[in-house]
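Close look at the chain arrangement
Chain residues, written in single-letter form:
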Amino acid sequence: MEHDHPHPLRAGRGRLVLITGARGQLGRALQEAFAGDELVALGHEEWDVTYPPSDTLSQGAFDLVLHAAAWTDVDGAESDPQRASAVNVGGTANAAALGAPLVAFSTDYVFDGRKREPYVESDPPNPLSAYGRSKLLAEAAAGEDAWVVRTSWLFGPTGRNFLRTMLELGASRDEVAVVDDQRGCPTFVGHLAAAVRELVDAARPRGVWHLAAGGDCTWADFAEAIFAEAGLACRVRRISTRELARPAPRPAYSVLRSERAGAPVLPHWREGLRACLAELGR
Ligand SMILES: NC(=O)c1ccc[n+]([C@@H]2O[C@H](COP(=O)([O-])OP(=O)(O)OC[C@H]3O[C@@H](n4cnc5c(N)ncnc54)[C@H](OP(=O)(O)O)[C@@H]3O)[C@@H](O)[C@H]2O)c1
């Protein structure tokens, strides 16, 4: 897209890309995957997305907005659904209000998990949790002209995620108890960010896309793989979701696959695990 009057945010004439939630685990991976573009990467402090965009942002004429800011505390959303919705629904509406091509991120938790074969884009959502409901409403707030990327069980080298928690626990304990009755696709943020770039660069049609790692496993399987790949001598005790007693219900099965032509294919989750450990120098 050509711009005759460069905006203060635009230094050159490349594609101008805004990333929200830029210091989250996905936000960081998106900054790396889109490093060849001109990036405006805003963390929570620079743009609290529950507020409308500033005039400077509104006039930014972005070529692309990657909206990675979100309330991601699944259990916390049960006790504060209004604030979770303010961030997830209101924040997505504010990102869409910029009027630029938008990528919004959604979740496998929009499904109830009753299926026993992979969820595809045309399957009807039925979220079990306040977080899942807020993300489903956020999909609508993104508008019909957005790419809505549903992904699952994200992990990366930064931030709070299951992989980093297991590395910490595995270094200090002989055994950890991990749920073995939820099945999904642990997805490495680096692989997701590359797939998002492919989706956008190939100008695939807008709408909902399922982008998650290949293969599937339970959290207990994933924990065992983490310990094996990282060389940690920690055992996994397989427990049920009921035993863990977390506030938010989670789908028992939320494997995501795409039924859409030209969908980017992500590597197997175990490859993602190895790539992430390599980034962590392990
Ligand atoms: N994590 C998963 O397993 C998972 C699975 C499926 C889908 N997703 C979706 O993928 C996207 C990225 O998630 P992630 O794993 O990268 O999450 P994350 O690491 O928690 O990053 C989210 C970022 O959003 C920021 N944020 C929170 N409230 C904000 C606000 N009001 N204004 C601006 N920024 C705000 C957070 O900043 P602070 O930390 O400073 O609040 C954080 O840096 C989200 O849409 C999420 O719903 C995640």
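Everything quoted here is computed from the prediction, not taken from an experiment.

So, the pairing of strand β1 (residues 16-20)
Summarising burial for β1: five of the five residues are buried, a large majority. Burial along β1 is two-sided: the residues L16, L18 and T20 and V17 and I19 are all buried. Across five bridges, the pairing between β1 and strand β2 (residues 38-42) is parallel. By the bridge assignment, L16 is partnered in β2 with E38. Handedness of the β1-helix α1 (residues 25-33)-β2 crossover: right-handed. Both β1 and strand β3 (residues 64-67) contribute to a ladder of four bridges, which runs parallel. Paired with T20 across the strands is H67, a residue of β3.

Things to note about helix α8 (residues 219-230)
A rise of 1.5 Å per residue sets the reference length of α8, with its twelve residues, at 16 Å; its end C-alpha atoms lie 16 Å apart and thus fit the reference within 8%. When α8 is considered as a whole, its buried residues turn out to be W219, A220, F222, A223, A225, I226, F227 and A230. Those residues of α8 that are buried are in contact with β6 (154-155), α6 (162-172), β7 (175-179), β11 (217-218), β12 (235-239) and α10 (269-279). G231 sits one or two positions beyond α8 and adopts a positive phi of about 70 degrees.

Calculation notes
- Residues numbered from 1 in each chain as written.
- Predicted model: local features only at pLDDT ≥ 70, side-chain atom pairs only at ≥ 80, totals over all residues.
- Heavy atoms only, no water.
- Buried < 20%, exposed > 50% of the residue type's maximum accessible area, 1.4 Å probe, protein only.
- Helix = DSSP H or I, 4+ residues; strand = E, 2+ residues; numbered from the N terminus.
- Pairing = 2+ DSSP bridges.
- Right-handed = clockwise from strand over helix to strand, strands pointing away.
- Expected span 1.5 Å × (residues − 1).
- Contact = heavy atoms within 4.5 Å.

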